[in-house]
Amino acid sequence: MTEYAITERPAQADVVIVGNGALGLFLADELMERGMGSVVVVGPGHRETGASQAAGAMLGCFGETTTESLRTDASRTRFELGVAAHDRWPAVLTKLEEFSRTGRPLQSAPDTHVVLNSIGAELDTVNFKAMLDALDQYGKPWEEVDPHEIPGFNPRLDTRSLRAVHLPTEGAVDARGVLAALEARLHDAGAVLVDQSVRRLVSSDDVVTGVELDDGHLIEAGTVVVAAGVHSESLVRTVSEDIDLIPMFPGLGFAMMARRTGGDPFRSVVRTPNRGFACGLHVVPQGGGLEYYGATNRLVDSISGVTWMADVRFLAQYSMQQLDERAAGHEVVQWLAGNRPVTLDGFPMIGWLPPSGLYLMTGTYRDGFHCAPLLAEHVANELQGKPGTIDPMFTPTREPVVTRTIEWSISEYVEHNLAAWFETGAEAAPQMTTTQIAEYYRTRCVQAYDQLGIDYALGPDILWYAQGSLLGARRIRRYLRSHRGGSETRARSVDTGSGDAQ
Amino acid sequence: MTTSHTSTVDIVRKLIDQQLNLTSHGFELKHDGNLWDLGMTSLTALGLMLSIEDTFGIELPESALKESTFRSVDAITAAVDAVLGSAQAPPTGEGVSAQS
C-alpha cells in the first residue's frame, strides 16, 4: 500500500487530508478531479486498526436494513445516504478499474443473497421483513429464491435457511483493491500521499493552519480535513479540548480472509440480516479463490489491532455452521481487525468545526466505505463554499439525535440479547421460557438506565458497551449530563456529601 | 489525614449500603468484606462508581476503573483517598463538573 507514498514530505498544501481510508482517499480524488489545488493525504500505509482496510465493502444498503432504518425521519435520512451512494459506484468502478493492480475486477461480487435462518431469533425475522418492505418502498428489485440454489451456500442442517432473497443490484467490491487503485489514481493526478501519522493539528488564533507529523515535520495547509476514523476525535482535541463533539467509540470488528480448499465457491455476497449488536454474518467473494468471512462488532474503550478469542470462535464457528460447513477446511490467509467509528447516536459526523480551517468527516460506523464517494462530493462542495449535497443534520457539534424512547431502547436491547443468546447456542434450564430470559435482560437494562442516570435512549450496541465498561459508562453519563440527555433529578442522591461529613 | 480518612470511610459505607441494601437486611458491612460476595454486580459497581465520583467531586483514574477497586470498603476508600490526597482543591460534595 505504500507504493505511491513519497519520502520527501511537502511543507505546504491547499488541503491536507488526515486519514488514508476510504473517506480520505475518495475525498482526495474528488478534490483532484475538481482541480482544487494541491492535496496531501497523510496516513500510515499499513492502515492497521483502520476500518477501511478490514472492510467487507458490501455495496449493500438494503441488505443492511433493520427495523430501525426507516422508523424515524433521522434514520431515513441516514438510510438514504446509502441509497444515494449506491448509485455512485458503477461510475466509481469504471474510473478506478484501469488503476487496479489486483489482476481481477474491483467489483468482486455483483449481487447478494440474504438468508433468513432459524438461529438468528426474532430479530432476524423482523429485520428480514423490514428489508423487503424497504426494497418495495424504494422500488428496488428482489426475488424470493430457493436457498438450495444459492451457489456455495451449504449450511449445517441445524441452521438451514427458512427463506432467501436475491438482491441483483447489491454486490461488493474488493476493499483493499479499491484503496490501492485510488492511491495509484491519486499519484497519477499529482496528489501527494505521505506514509506517516499526524501527531497533532497546528493552530494559531483559533485557525487551524496545518498538521505536525509523528517525526515533527510540519505541513502548512489552507484547510485540514480530519477523516481518520476512530482516531479523529483525539486528533481534533489536539487543537482544543472545548470542541463539543459527539462522543465516538471504537467498534472493534474482526473478519477472516480464507482460501477455499474445496466445494462450490460463493459467487455472490451471502449474508444474514443485520443481527444482535452487529452487522450479520456474511461471506464476500474476493476473487482468486479467496473469500472474506465477517464480521464481529464489539465497542471497546480503546483502539486495538487485535481481537478477542471469543470473537474468533464466534466468526469461525458460525461461518462453518451457517454459511458453508466446508469452510472448516479453508485456509485462513489473513486476519483482519478494524475499528469502526461509532458515534453515541449512531450518526456520522460531517462538517466544519469551530476552529476555522478544520473539517471533520467520520462517524460512518458500518458503511463508510460504501458512502465514501457520495460524502466526498458533499465535502468537496463544502470546501468550495458551495451548498452541500446531504442533509446538514450530521454536523459534528450537534446535540445527539433522538430516535427512540427509553422504553423502545430497552425493548431493542432485550431483542438483541435474545438474538445473541440463541445464536451462541446458550442453554437455559428446560423449564425456563424465552419470556423469562427476556425478563432477565429487561430487568438488567432498566437497572442500567437507573444506575447511569440518563434519559437519552441509547442504541443496543452503546448500551451493551456502557454496561460492561466503567470508563465508557462514565464518559457517556458525563457527556449526557452536560447536554439535554442527562437526568439531573436522580432519585438516589445521598444526604451525606463530603461537605456534611466535614 | 486521619480525619479525612474517617469521613471518607463513612461516606463510602453509606454509598455502598445505598447500592447493596445491606444494613436493612441485617448484614454487617465489614471493612475488608468482599462486596462481590455480598451482591455487588457490574451494574451496582457502575452506580457506585458514579455516586462516589459525584459525591466526592472527584474523577477516579482510569487505572482504578476495575473490579478490584470495588472489592471492599477499604479498597474503595483507598482509591478515593488517593485522588483526594493528590488533589489541591477540597472535595465539594457537588457533582463533577459537566464535561465530555
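Residues numbered from 1 in each chain as written. Chains lettered and ligands numbered in written order. Predicted model: local features only at pLDDT ≥ 70, side-chain atom pairs only at ≥ 80, totals over all residues.

A. A look at the overall build of chain A. Looking only at helices and strands, chain A has 12 helices and 20 strands in total. In terms of C-alpha radius of gyration, chain A reaches 23 Å, essentially the compact-globule figure of 23 Å for 502 residues. Considered along the principal axes of its C-alpha atoms, chain A spans approximately 75 × 70 × 40 Å. For chain A, the residues scored as buried account for 53% of the 502 residues in total. Across chain A, every contact between residues at least 6 apart in sequence was considered, and the portion connecting residues at least 24 apart equals 78%. (Helix = DSSP H or I, 4+ residues; strand = E, 2+ residues; numbered from the N terminus. Rg over C-alpha atoms; globule rule 2.2 N^0.38 Å. Buried ≥ 20, exposed ≤ 12 C-beta atoms within 10 Å, placed from the backbone. Contact = placed C-beta atoms within 7 Å.)

B. The overall build of chain B, seen in detail. Looking only at helices and strands, chain B has three helices and zero strands in total. In sequence order, the secondary structure elements of chain B are arranged as α-α-α. Across chain B, the fraction of contacts at a sequence separation of at least 24, relative to all contacts at a separation of at least 6, is 67%.

C. Structural context of helix α1 (residues 22-33) of chain A. Residues and elements named next belong to chain A. Helix length check: α1, at 12 residues, gives a terminal C-alpha distance of 16 Å against a target of 16 Å (1.5 Å per residue), a fit within 8%. Here α1 lies mainly inside the structure; 11 of its 12 residues are buried. Along α1, the positions that sit buried rather than exposed are A22, L23, G24, L25, F26, L27, A28, D29, E30, L31 and M32. On its buried face, α1 is in contact with β2 (12-18), β3 (39-42), α4 (175-189), β12 (218-226), β20 (358-362) and α7 (368-383). (Expected span 1.5 Å × (residues − 1).)

D. Structural detail: helix α2 (residues 73-97) of chain A. Residues and elements named next belong to chain A. With 25 residues, α2 extends 37 Å between its outermost C-alpha atoms, agreeing within 8% with the 36 Å of an ideal straight helix rising 1.5 Å per residue. Taken as a whole, α2 carries its principal kink of about 35° at R88; the proline P90 stands between one and four residues after it. Buried within α2 we find R78, F79, L81, G82, A85, H86, W89, V92 and L96. Buried positions along α2 lie against α4 and α7. (Bend = angle between axes of the 7 residues up to and from the residue.)

E. Highlighting the nonpolar core. All names here are of chain A. Counting 171 residues, the largest nonpolar core has V16, V18, L27 and V225 as its most contacted members. Per-element accounting of this core gives the leading share, nine residues, to α7. Other than its neighbours up to four places away in sequence, V18 contacts V42, V198, V211, V224, V225, V226, A227, A228 and L235. (Core = buried A, V, L, I, M, F, W, Y, C linked by C-beta atoms within 7 Å.)

F. Structural context of the packing of helix α3 (residues 121-137) of chain A against helix α8 (residues 406-423) of chain A. Residues and elements named next belong to chain A. Relative to each other, α3 and α8 sit at 115°, their axes nearing to 6 Å. Of the residues in α8, those in contact with A121, E122, L123 and D124 of α3 are E415, H416, L418, A419, F422 and E423. Of the residues assigned to the contact of α3 with α8, the class counts are five nonpolar, one polar and four charged. (Axes fitted to C-alpha atoms, helices over the stretch in contact; angles between N-to-C directions. Nonpolar A, V, L, I, M, F, W, Y, C, P; charged D, E, K, R; others polar.)

G. Inspection of the domain arrangement of chain A at higher detail. Residues and elements named next belong to chain A. Domain boundaries assigned for chain A yield domain 1 (5-52 + 176-248 + 347-394), domain 2 (106-174 + 249-343) and domain 3 (406-481). Each of domain 2 and domain 3 was reduced to a C-alpha centroid, and the two centroids are 25 Å apart. Between domain 2 and domain 3, the contact holds 13 residues from the first and 16 residues from the second. If you tally residues by element for the side of domain 2 that touches domain 3, the top one is α3, at four residues. Grouping the constituent residues of the side of domain 2 that touches domain 3 by class yields six nonpolar, three polar and four charged. (Domains from an automatic or database assignment.)

H. Quick look at the pairing of β2(A). Residues and elements named next belong to chain A. With five of seven residues buried, β2 is to be regarded as a mostly interior element. Where β2 meets β12, six bridges bridge the pair, whose relative direction is parallel. Looking at the pairing, V16 lines up with V224 of β12. What joins β2 to β3 is α1, and the crossover it makes is right-handed. (Pairing = 2+ DSSP bridges. Right-handed = clockwise from strand over helix to strand, strands pointing away.)

I. Here's a closer look at the environment of B:F56. All names here are of chain B. Residue placement: F56 occurs in helix α2 (residues 42-56). For F56, a count of 25 C-beta atoms within 10 Å corresponds to the buried category. Taking the C-alpha atoms as reference points, F56 and L84, 28 residues apart in sequence, are found 8.4 Å from one another.

J. The arrangement of unusual backbone geometry in detail. Residues and elements named next belong to chain A. A cis amide bond links G294 to the next residue, A295, at an omega of -10°. By the secondary structure assignment, A295 is in the loop between β16 (290-294) and β17 (298-299). Residues other than glycine seldom take positive phi values, yet A57 does so here, at roughly 55°. Inspection of the secondary structure assignment puts A57 in the loop between β3 and α2. For A57, a count of 30 C-beta atoms within 10 Å gives the class buried.

K. Structural detail: the pairing of strand β13 (residues 248-259) of chain A. Residue and element names in this part refer to chain A. Of all 12 residues in β13, 11 are buried, a share of seventy percent or more. For β13 and strand β18 (residues 331-343), the ladder comprises 12 bridges, and the chain directions are antiparallel. Its bridge partner being in β18, L252 is matched across the sheet by N339. Of the strand pairs in this sheet, β13 and β17 are connected by two bridges, and their pairing is antiparallel.

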